[in-house]
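Commentary on secondary and tertiary structure
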Amino acid sequence: MFKKFQPSSDISGQTQVKSSVSRSIRSAILSQWKIEPETLESVWPKKEGLVHVKCREHISIYTVSGIPLFFQHFDGPFYPTLRFLHKYPYILPAVKVDRGAIRFLLAGAHMMCPGLTSAGGYLPPADQALAAETPVALLAEGKEHAVGVGITKMGSEEMRKINKGVGVETVTYLGDDLWEHEKL
Amino acid sequence: MGKKQKEKKEEASPPEATAVEPSEGPVPEPRQPKTVLYCAVCSFPPEYCEFGSRFTKCKEWLNDAHPDLFSQYYSEDALQSKLGTMTLAAQQKLEKDTAKKEAKADAKADAALKKKMSSQVTIKRIERNKRKHVTTVHGLEAFSIDLKKAAKQFASKFATGASVSKNPQGLDEIVVQGDVAYEIVEMLEEEVGLLKGVPADNIEVIEEKKKKAAAAE
């Protein structure tokens, strides 16, 4: 999503978010992520105005005092930015890709099922199975920090069964243009 | 760079250091963010440096700044365990790829620097009215100077209006009211405030007579 992203040409406007809207965003995030209200409050204080950065192709990035915290595509789920995820890694369910896939992930590729189901990969066990279209943190074999944020394209059980094709679509990854811009 | 942002964040969050599970206490406290170290060279967490395009430099930096981490990531053991998960051919290929990528990144950086060094800053004095002039400055953005902020600086320095506007070619330039061409040259040479990194040789001063200015409008 952010493989090519230039603030000068891709941002069409920045506006303060109305307090009623920001309240609904806050509640949406609290319901979508595993984050405590207090933790969110410490990162995004209620008093601090949220700024909506409108970008091409219906991408909305939300920033607090210039630092992008999370973004959204059209009406879709909210994704944390990678820096935010590094600080609070537990807010999204995690999947892990094997070492061979890291190279491709860092080039912006979507994650294929075999990379997730192989020995180095990790998918949540069956009792915590992920549904399709769930935002996930992408971890990598042998690494501590997340390498990207993605959205599942099929359920985790389905991935195990089919084991072919795109399992997790990469939304943002280490070294993409959103990562490059610490401030907007 | 990432570290700086990090520190700011920490200041913003309340100072209590203990991470408390929110369900336990009557007054839940926010969980403390994890401190993540980012490489100063490639901005990745150091464990991902090996996939970046400046791996050699990243390694040097890590060795200097955080020797403990360096030994953790690049000790014989660590390298050995990494090797274990990969065939020799794959390993060699990866090494070759990394070297290639590094060379490419270097070439790219060189080209960017060259381009930067060869780009001109044009300062133009345009006659508005017999005795009145405006000065336009074009090409500062190539030296990664924020035009809006630079305009503000000019405005406060000369106590005149200064704005960023598009010239007839559709390129951004700073328009300062009044004839301040030589003062701006001086400022650029002395690197006042924001105006940093412009070599004196790349500054060009042009005078434009009224006829031309009228045609341009």
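Residues numbered from 1 in each chain as written. Chains lettered and ligands numbered in written order. Predicted model: local features only at pLDDT ≥ 70, side-chain atom pairs only at ≥ 80, totals over all residues. Heavy atoms only, no water.

An unreviewed UniProt entry lists chain B under the name Translation machinery-associated protein 22, with Pterulicium gracile as the source organism. Taken verbatim from the UniProt record of chain B, the Subunit (unreviewed entry) comment is "Interacts with the 40S ribosomal subunit." Quoted verbatim from the Sequence similarities (unreviewed entry) field of UniProt, the annotation for chain B is "Belongs to the DENR family." (UniProt positions renumbered as here; feature names shortened; annotations may be inferred.)

As annotated in an unreviewed UniProt entry, chain A carries the name Translation machinery-associated protein 20 and comes from Pterulicium gracile. The annotation that UniProt attaches to chain A under Sequence similarities (unreviewed entry) is "Belongs to the TMA20 family." The Subcellular location (unreviewed entry) field of the UniProt record for chain A holds the comment "Cytoplasm".

**Things to note about the overall build of chain A**
If you tally the helices and strands in chain A, you get eight helices and 10 strands. A total of 184 residues make up chain A; the buried ones form 54% of that total. Taking all contacts inside chain A whose residues are at least 6 apart in sequence as the whole, residues at least 24 apart take part in 59%. When the accessible surface of chain A is split by element, carbon and sulfur atoms take 54% of a total near 8,000 Å². (Helix = DSSP H or I, 4+ residues; strand = E, 2+ residues; numbered from the N terminus. Buried < 20%, exposed > 50% of the residue type's maximum accessible area, 1.4 Å probe, protein only. Contact = heavy atoms within 4.5 Å. Areas by Shrake-Rupley, 256 points an atom, 1.4 Å probe, with all protein chains shown as cover.)

**Examining the sheet that holds strand S1 (residues 11-16) of chain A**
All names here are of chain A. Spatially, the five strands line up as an open sheet ordered S1-S2-S3-S4-S5, and their pairing is antiparallel. On the outer flanks of this sheet lie S1 and strand S5 (78-80), each paired with one strand and no other. Across the sheet, the axes of successive neighbouring strands diverge by a mean angle of 25°, strand direction being ignored. Bridge count for strand S3 (residues 59-64) against strand S4 (residues 67-73) is six bridges, and the pairing is antiparallel. Bridge assignment links Val64 to a residue of S4, and that residue is Ile67. Strands strand S2 (50-55), S3, S4 and S5 of the sheet are contacted by helix H2 (residues 19-32), whose axis makes an angle of about 75° with S5. (Pairing = 2+ DSSP bridges. Axes fitted to C-alpha atoms, helices over the stretch in contact; angles between N-to-C directions.)

**Things to note about the layout of surface pockets**
The computed volume of the largest pocket comes to approximately 1,400 Å³. Around the largest pocket sit 37 residues that line it, and Gly175 and Glu180 of chain A together with Ser53, Arg54 and Lys108 of chain B are the ones nearest its centre. Among the secondary structure elements, those contributing two or more residues to the lining of the largest pocket are helix H8 (177-180) of chain A together with helix H5 (88-118) of chain B. With 11 residues, H5 of chain B is the single largest residue contributor to the lining of the largest pocket. (1 Å grid on protein atoms, 1.4 Å probe; cavity = no way out; pocket = protein on both sides within 12 Å on 5 of 7 lines; lining within 4 Å. Points joined across faces, edges and corners; volume = space filled by probe spheres on them.)

**Structural notes on the nonpolar core**
Ile25, Ile29, Trp33, Trp44, Ile61 and Phe70 of chain A are the most contacted members of the largest nonpolar core, which totals 75 residues. Tallying contributions element by element places strand S8 (residues 135-140) of chain A first for this core, with five residues. Apart from the residues within four sequence positions on either side, Ile25 of chain A is in contact with Val17, Trp44, Leu50, Tyr62, Phe70 and Phe78 of chain A. In this structure, Leu140, Ile174, Ile184 and Val198 of chain B belong to the second largest nonpolar core, which totals 22 residues. (Core = buried A, V, L, I, M, F, W, Y, C linked by side-chain atoms within 4.5 Å.)

**As for unusual backbone geometry**
One non-glycine residue with positive phi stands out, namely Phe74 of chain A, at about 55°. For Phe74 of chain A, the location among the structural elements is in the loop between S4 and S5. Here Phe74 of chain A falls in the exposed class, since its relative accessible area comes to 52%. Of note in the backbone geometry, Ala159 of chain B takes a positive phi value of approximately 50° without being a glycine. Overall, the relative accessible area of 66% leaves Ala159 of chain B in the exposed class.

**Some remarks on helix H2 (residues 55-65) of chain B**
Residue and element names in this part refer to chain B. Restricting attention to buried positions, one finds in H2 the residues Phe55, Cys58, Trp61 and Leu62. Each buried residue of H2 lies within a common arc of 120° when the element is viewed along its axis, so the set occupies one face. For H2, exposure combined with an orientation more than 90 degrees from the buried face picks out Glu60 and Asp64. As for H2, its buried residues are in contact with helix H3 (67-74) and H5. (Arc of directions from axis to C-beta.)

**Considering the sheet that holds strand S10 (residues 166-173) of chain A**
Residue and element names in this part refer to chain A. Strand order across the open sheet formed by five strands is S6-S8-S9-S10-S7, with mixed pairing between neighbours. Both edges of this open sheet fall to strand S6 (94-97) and strand S7 (111-112), since each of them pairs with a single strand only. The sheet contact formed by S6 and S8 spans four bridges and is parallel. Bridge pairing in S8 places Val95 opposite Leu138.

**Some points on the confidence of the model for chain B**
Residues and elements named next belong to chain B. For chain B, per-residue confidence averages 76 on the pLDDT scale, and 78% of positions sit at 70 or higher. Between residues 1-25, whose pLDDT stays under 50, and residues either more than four places distant or in other chains, the model counts 38 contacts. In this model residues 212-217 is a low-confidence stretch, pLDDT under 50, and it forms five contacts with partners more than four residues away in sequence or in other chains. (pLDDT = per-residue confidence, 0-100.)

**Here we look at the pattern of salt bridges**
Two side chains of opposite charge can pair, provided their charged atoms sit close to one another. Residues and elements named next belong to chain A. Tallying each qualifying case throughout the model produces 14 salt bridges over all chains. For the salt bridge of Arg83 with Glu182, the shortest nitrogen-to-oxygen distance reads 3.4 Å. With Arg83 in helix H4 (residues 82-87) and Glu182 in the segment after H8, this residue pair connects regions lying 99 residues apart in the sequence. Residue Arg83 is classed as buried on the basis of its relative accessible area of 8%. For Glu182, a relative accessible area of 17% corresponds to the buried category. (Salt bridge = Lys/Arg side-chain N within 4 Å of Asp/Glu carboxyl O.)

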